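Architecture and fold: a report
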Amino acid sequence: MSTYVIAEVGVNHNGSMDLARDLIEVAAEAGVDAIKFQTFRSEELVTGDAPKADYQTETTDAEESQAEMLRRLELSPEQHHTIAGYCAENDLQFLSTPFDVQSARFLVDEFDVPRVKIGSGELTNGPLLLNIARLGRPVILSTGMGTLGEVEQALSVLAYGYVADGDRPTFEDLERAFASTEGQNALDRNVTVLHCVTEYPAPVEATNLRAMDTLREAFDLPVGLSDHTEGIAVPIAAVARGATLIEKHFTLDRSLPGPDHEASLEPDELRDMVQGIRDAEGALGTARKAPTDSEWKNRPVARKSLVATQPIQEGEDFTLDNLGVKRPGDGLSPMRYWERLDTTASRSYTPGEQIR
């Protein structure tokens, strides 16, 4: 199955529809499956005195509050329609991460998005998780900053939202939904879990790709990676480790102003990442260990056969001194070496001649 690749614009459009259009065209040329933005209402997302993350302070005006920064980057409904239109023109799936219930409903009702991406910051936002599940769409759940227990709690809320009707579930209600066959089937049909390290850029040595194995084994769900490392090695490695979905930030230019540009891929890197992912998929192939079609012709060239290393007369014994191994490999296998020792030659051999 082909890895689903999401090119993450996030807020790298900087509020400009021209920049958004250019980003969409770059993503289409790179061969990604979908492009993702962010849908939020800044007044519903943060308080007026909410601090910025360290990386945001370093990459934007340090005197500007998080609320002020988000107001600059918030997309209007009209801008969403413009962006979705650009995506359609470029045969790209339009996706966006909602940060509140109204935004999630807007994405489903207005754009019929095939999946709803839930950001790592919402992993513990039970009310939002419940309402997103009630929309009946598959979700992509990022788990940055989370523990395994918190991931299970989030999945419990999603399971309850998919299969139950109540609006005020108890912990026992959530646990029952998660443990039920119906709830597990709903999660299996609808949820992809992404490993993520919520730092921009994320250190490669802190990526811990083996955590994908833990998530897969714990929940028996498709896993992927929302990657914030620099470069393209980590997402390609994640595909080789079984990621079914890769999400990666990109920009036209890392020097552009804004909180996420610096930790994003540039166009050539995005293209290289997609190609690397497709190459990794092809390299995975089958688990069966056997010669490939292209290898058969090379076996006699690269392998060796039993040969005479000195003249051997008919009736003479094969010994350590007169029996050796040389290319080509179209004669008797060297694995027969020991059983030939001390047996009698049924004919004469010249040096280098294969033993028959």
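An account of the accompanying structure is given in this report. Within each chain, residue numbers correspond to sequence positions counted from 1 in written order. Totals for whole chains, interfaces and linings use all residues, but because this is a predicted model, local features are given only for residues with pLDDT of at least 70 and pairs of side-chain atoms are given and counted only at 80 or more. Based on all heavy atoms of the structure, the side-chain values leave hydrogens and waters out of the count.

1. Considering helix α7 (residues 126–134)
Here α7 has its buried residues at Leu 128, Leu 129, Leu 130, Ile 132 and Ala 133. The criterion used for residue contact is that any of the two residues' heavy atoms lie within 4.5 Å. Going along the chain from the N terminus, every DSSP run of H or I of four or more residues is numbered as a helix, and every run of E of two or more is numbered as a strand. Its buried side turned inward, α7 meets β3 (93–98), α6 (101–111), β4 (116–118), β5 (139–142) and α8 (148–163). Downstream of α7 by a residue or two, Gly 136 has a phi angle that is positive, lying close to 75°. Only protein chains enter the calculation, and the probe is 1.4 Å; a residue is then buried if its accessible area is under 20% of its type maximum, exposed if over 50%, and partly exposed in between.

2. Some remarks on the nonpolar core
In these notes, a set of buried Ala, Val, Leu, Ile, Met, Phe, Trp, Tyr and Cys residues joined through side-chain atoms within 4.5 Å is what counts as a nonpolar core. Residues Leu 155, Leu 158 and Phe 250 are the most contacted members of the largest nonpolar core, which totals 71 residues. Aside from chain neighbours lying at most four places away, what touches Leu 155 is Leu 141, Phe 178, Leu 187, Val 191, Val 193, Phe 219 and Leu 221. Among the nonpolar cores identified, the runner-up in size contains 11 residues, and Ala 308, Leu 332, Ala 345 and Tyr 349 belong to it.

3. Quick notes on unusual backbone geometry
Note that the residue after Tyr 200, namely Pro 201, is joined by a cis bond; omega there is -10°. Put simply, Arg 327 and Pro 328 share a cis peptide bond, and its omega is 0°. Turning to its location among the elements, Pro 328 is positioned in the loop between β10 (323–326) and α15 (337–340). In this structure, Asn 14 takes a positive phi of about 55° despite not being glycine. Note on placement: Asn 14 falls in the loop between β1 (4–10) and α1 (17–30). Although it is not a glycine, Asp 342 sits at a positive phi angle of roughly 70°.

4. Considering the pairing of strand β6 (residues 191–196)
With 6 of 6 residues buried, β6 is to be regarded as a mostly interior element. A pair of strands is labelled paired if DSSP reports no fewer than 2 bridges between them. Here 4 bridges tie β5 to β6, and the two strands are oriented parallel to one another. By the bridge assignment for β6, Ile 140 is matched with Thr 192. Here β6 runs beside strand β7 (residues 223–227); their pairing, made up of 4 bridges, is parallel. Directly across from Val 193, in β7, lies its bridge partner Val 223.

5. Digging into the pairing of strand β2 (residues 34–39)
Counting buried positions along β2 gives 6 out of 6 residues, so the element sits mostly inside the fold. Side chains Ala 34, Lys 36 and Gln 38 of β2 all project onto a buried face; the interleaved residues Ile 35, Phe 37 and Thr 39 project onto the opposite face, where all are buried too. Looking at chain direction, β1 and β2 are connected through 4 bridges and run parallel. Looking at β2, one finds that Gly 10 is bridged to Phe 37. A crossover counts as right-handed when, viewed with the strands pointing away from the observer, the path leading from the first strand over the helix to the second turns clockwise. Read from β1 through α1 to β2, the crossover connection turns out right-handed. Where β2 meets β3, 6 bridges bridge the pair, whose relative direction is parallel. Its bridge partner lying in β3, Thr 39 is registered against Pro 98.

6. Focus on the side chain of Lys 248
Here Lys 248 shows up in strand β8 (residues 245–249). Residue classification places Lys 248 among the buried residues on the basis of a relative accessible area of 1%. Two N or O atoms count as a polar contact when they lie within 3.5 Å, although within protein this holds only if one can serve as hydrogen donor and the other as acceptor, and sequence-adjacent residues are included solely when both atoms are side-chain atoms. In terms of polar contacts, Lys 248 uses its side chain to reach the side chain of Asp 227, at 2.5 Å. Every residue in contact with Lys 248, bar those within four places of it in the chain, is listed here: Ile 6, Ala 7, Glu 8, Asp 227, His 228, Thr 229, Glu 230, Gly 231, Pro 235, Leu 265 and Met 273.

7. Remarks on the packing of helix α9 (residues 171–179) against helix α10 (residues 181–190)
Look at α9 against α10: their axes get within 4 Å of each other, and the N-to-C directions meet at 70°. By the angle class used here, α9 and α10 are roughly perpendicular. Residues Ala 177, Phe 178 and Ala 179 of α9 form the contact with α10, whose participating residues are Thr 181, Gly 183, Gln 184 and Leu 187. Residue polarity is assigned by list, with Asp, Glu, Lys and Arg as charged and Ala, Val, Leu, Ile, Met, Phe, Trp, Tyr, Cys and Pro as nonpolar; anything else, Gly included, falls into the polar class. Along the lines of polarity and charge, the residues of the contact of α9 with α10 split into 4 nonpolar, 3 polar and no charged. In this description, a line fitted to the C-alpha atoms serves as the axis of each element, helices being fitted only across the stretch in contact, and the angle between N-to-C directions of two axes falls anywhere from 0 to 180 degrees. Should an angle lie under 35 degrees it is considered roughly parallel, over 145 roughly antiparallel, and from 65 to 115 roughly perpendicular; all remaining angles are considered oblique.

8. Quick look at the packing of α1 against helix α5 (residues 77–89)
For any two helices packed against each other, one specifies the inter-axial angle together with the distance between the axes. Where α1 meets α5, the closest approach of the two axes is 9 Å, and the angle between their N-to-C directions is 25°. By the criterion of interaxial angle, the relationship of α1 to α5 is roughly parallel. The hand of the α1/α5 crossing is right-handed. Across the interface between the two elements, Met 17, Ala 20, Arg 21 and Ile 24 of α1 pack against Gln 79, Thr 82, Ile 83, Tyr 86 and Cys 87 of α5. Broken down by class, the residue content of the contact of α1 with α5 amounts to 6 nonpolar, 2 polar and 1 charged. Here a crossing is taken to be left-handed if its near helix is turned anticlockwise relative to the far helix by less than a right angle, and right-handed if that turn runs clockwise.

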